[in-house]
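Here is how the chains run, residue by residue.
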Amino acid sequence: MSISALKTQLGDHAKDIRLNLGSVLSEEGAPGLQPVQIAAVALACAYATRHPAIIEAIGAQAAEHLSPEYQQAAKAAATIMGMNNVYYRFVHLASDKEYGKMPANLRMNVIGNPGIDKVDFELMCLAVSAVNGCGLCIDSHVHEVEKAGVSKQGVQSSIRIAAVLNAAAQALTIG
């Protein structure tokens, strides 16, 4: 399925999302990001939405821009953030701050060695963390990508991609 075909499945209640899909996945619509970063962020977010049609459409488009290593890293980012976002959101939201002082004791080796450019992996993790709603992870990944030279506009673009893909998944689920 293509992005164009995906847009046709979005009902009238999602007209804005159709329009946004047409813009945020382009270089003009995602200032501060390179084409490979746009595709990588989109693919990781597609996995995070868990919606088969979103995964299929974004996966098809991303395959044109991403190496197999980047495609694998997008899966890894969505998966590791699926774990970390739950754990660190709990740590952040729990009234008992003692949990924040305890070691996580969770393996996260892929974050240190993702097999692709580290900043691109961090951008994927940031966007997935936004989809999953983990403030601690968002702050951590924003810090890392800005330290690596990504502009605030690039950070915002990655979150806009996450927001639009999440909304498209919701619109498709609603019908």
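Draft legend 1. Summary view of the overall build of the protein chain. Scanning the protein chain for helices and strands turns up nine helices and zero strands. Computed over C-alpha atoms, the radius of gyration of the protein chain comes to 16 Å, within 12% of the 16 Å expected from 2.2 N^0.38 for 175 residues, which places it in the range of a compact globule. Taking the principal axes of its C-alpha atoms as reference, the protein chain extends roughly 50 × 35 × 25 Å. Taking all 175 residues of the protein chain together, 43% fall into the buried category. Across the protein chain, the fraction of contacts at a sequence separation of at least 24, relative to all contacts at a separation of at least 6, is 71%. Accessible area of the protein chain: about 8800 Å², with a carbon and sulfur share of 53%.

Draft legend 2. Inspection of the side chain of Asn84 at higher detail. Here Asn84 shows up in helix 5 (residues 68-93). Residue Asn84 is classed as buried on the basis of its relative accessible area of 3%.

Draft legend 3. Geometry of the environment of Ala127. Within the element layout of this structure, Ala127 appears in helix 7 (residues 118-132). Assessed through its relative accessible area of 0%, Ala127 is described here as buried. What Ala127 contacts, discounting residues up to four positions off in sequence, is Val41, Cys45, Ser158, Ile159 and Ala162.

Draft legend 4. How the structure looks around the nonpolar core. Among the nonpolar cores identified, the biggest contains 54 residues, and Ile54, Ile58, Phe121, Met124 and Ile161 are the most heavily contacted of them. At the level of secondary structure, the elements contributing two or more residues to this core comprise helix 1 (3-9), helix 2 (15-24), helix 3 (35-49), helix 4 (52-63), helix 5, helix 7, helix 8 (135-147) and helix 9 (152-174). Element by element, the count of residues in this core is highest for helix 3, at 10 residues. Setting aside chain neighbours within four positions, we find Ile58 in contact with Ile3, Leu25, Ala42, Leu43, Ala46 and Leu165.

Draft legend 5. The arrangement of the layout of surface pockets in detail. Approximately 170 Å³ is the volume attributed to the largest pocket. What lines the largest pocket is Met81, Asn84, Tyr88, Met108, Ile111, Glu122, Leu136, Cys137, Ser140, His141 and Glu144. Looking at the lining of the largest pocket, the elements that each hand over two or more residues are helix 5 and helix 8. Sort the elements by how many residues they give to the lining of the largest pocket and helix 8 lands first, with five residues. Along the lines of polarity and charge, the residues of the lining of the largest pocket split into six nonpolar, three polar and two charged.

Draft legend 6. Quick look at the packing of helix 5 against helix 7. Across the interface, helix 5 lies against helix 7 with an axial gap of 8 Å and an inter-helix angle of 45°. Relative to helix 7, helix 5 is oriented oblique. Helix-helix and strand crossings are classified by hand; for helix 5 and helix 7 the assignment is right-handed. In contact with Tyr70, Ala73, Ala74, Ala76, Ala77, Ala78, Ile80, Met81, Gly82, Asn85 and Arg89 of helix 5, helix 7 contributes Asp120, Phe121, Met124, Cys125, Val128, Ser129 and Asn132.

Draft legend 7. Region of the structure containing the packing of aromatic side chains. Enumeration over the complete set of coordinates arrives at two aromatic pairs. Taking 5.0 Å as the distance between ring centres and 90° as the angle between the ring planes, the aromatic pair formed by Tyr87 and Tyr88 counts as edge-to-face. Taking relative accessible area as the criterion, Tyr88 reaches 25% and is therefore assigned partly exposed.

Draft legend 8. Summary view of unusual backbone geometry. Residues other than glycine seldom take positive phi values, yet Arg50 does so here, at roughly 65°. Its place among the elements puts Arg50 in the loop between helix 3 and helix 4. On the accessibility criterion, Arg50 (67% relative accessible area) is exposed. Although it is not a glycine, Asn105 sits at a positive phi angle of roughly 55°. Structurally, the position occupied by Asn105 is in the loop between helix 5 and helix 6 (109-112). Assessed through its relative accessible area of 70%, Asn105 is described here as exposed.

Calculation rules
- Residues numbered from 1 in each chain as written.
- Predicted model: local features only at pLDDT ≥ 70, side-chain atom pairs only at ≥ 80, totals over all residues.
- Heavy atoms only, no water.
- Helix = DSSP H or I, 4+ residues; strand = E, 2+ residues; numbered from the N terminus.
- Rg over C-alpha atoms; globule rule 2.2 N^0.38 Å.
- Buried < 20%, exposed > 50% of the residue type's maximum accessible area, 1.4 Å probe, protein only.
- Contact = heavy atoms within 4.5 Å.
- Areas by Shrake-Rupley, 256 points an atom, 1.4 Å probe, with all protein chains shown as cover.
- Core = buried A, V, L, I, M, F, W, Y, C linked by side-chain atoms within 4.5 Å.
- 1 Å grid on protein atoms, 1.4 Å probe; cavity = no way out; pocket = protein on both sides within 12 Å on 5 of 7 lines; lining within 4 Å.
- Points joined across faces, edges and corners; volume = space filled by probe spheres on them.
- Nonpolar A, V, L, I, M, F, W, Y, C, P; charged D, E, K, R; others polar.
- Axes fitted to C-alpha atoms, helices over the stretch in contact; angles between N-to-C directions.
- Parallel < 35°, antiparallel > 145°, perpendicular 65-115°, else oblique.
- Left-handed = near helix turned anticlockwise from the far one by under 90°.
- Phe/Tyr/Trp six-rings, centres within 6.5 Å; stacked < 30°, edge-to-face > 60°.

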